[in-house]
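Read off the chains here:
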Amino acid sequence: MLDKLILVIRSKDIEPVICVSKFHLASSKEKSSFKKIFKYYQSIGIKVFFNKDLKKIRKYLKGKTVVLTGQTGAGKSD
């Protein structure tokens, strides 16, 4: 689903930014797997933040229009 959302977002000339929420709920094995996925997205130029990095997120998004998208229960309101 993430790849699909990124494709749609980029097709509209909008910069995608991934903000990972609920990472603390993942097992150690899942976290390791997810980190590899996040590195891939970073390698193709997509910013990846964790919702605990609020200062970094605020600094990066300052002055920008932001739209949140994701599945129900993904943590958009966290």
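Residues numbered from 1 in each chain as written. Predicted model: local features only at pLDDT ≥ 70, side-chain atom pairs only at ≥ 80, totals over all residues. Heavy atoms only, no water.

(A) Fine view of the pairing of strand β1 (residues 17-20). Along β1, the buried face is formed by Ile-18 and Val-20; none of Val-17 and Cys-19, which line the opposite face, is buried. When β1 meets strand β2 (residues 47-50), the two strands line up parallel, connected through 4 bridges. Bridge pairing in β2 links Val-17 to Lys-47. Taken together, β1, helix α2 (residues 28-43) and β2 constitute a β-α-β crossover, and its handedness is right-handed. (Buried < 20%, exposed > 50% of the residue type's maximum accessible area, 1.4 Å probe, protein only. Helix = DSSP H or I, 4+ residues; strand = E, 2+ residues; numbered from the N terminus. Pairing = 2+ DSSP bridges. Right-handed = clockwise from strand over helix to strand, strands pointing away.)

(B) Spatial organisation of the packing of aromatic side chains. Inspection of the entire model under this criterion finds 7 aromatic pairs. Ring centres of Phe-23 and Phe-34 lie 6.5 Å apart, and the angle between their planes is 50°; this geometry places the pair in the tilted category. Pair noted here: Phe-23 is in the loop between β1 and α2 and Phe-34 is in helix α2, with a separation of 11 residues, a long-range link. For the ring pair Phe-23 and Phe-38, a centre distance of 6.1 Å and an interplane angle of 55° mean the geometry is tilted. Taken together, the positions of Phe-23 in the loop between β1 and α2 and Phe-38 in helix α2 put the pair 15 residues apart, joining distant regions of the chain. (Phe/Tyr/Trp six-rings, centres within 6.5 Å; stacked < 30°, edge-to-face > 60°.)

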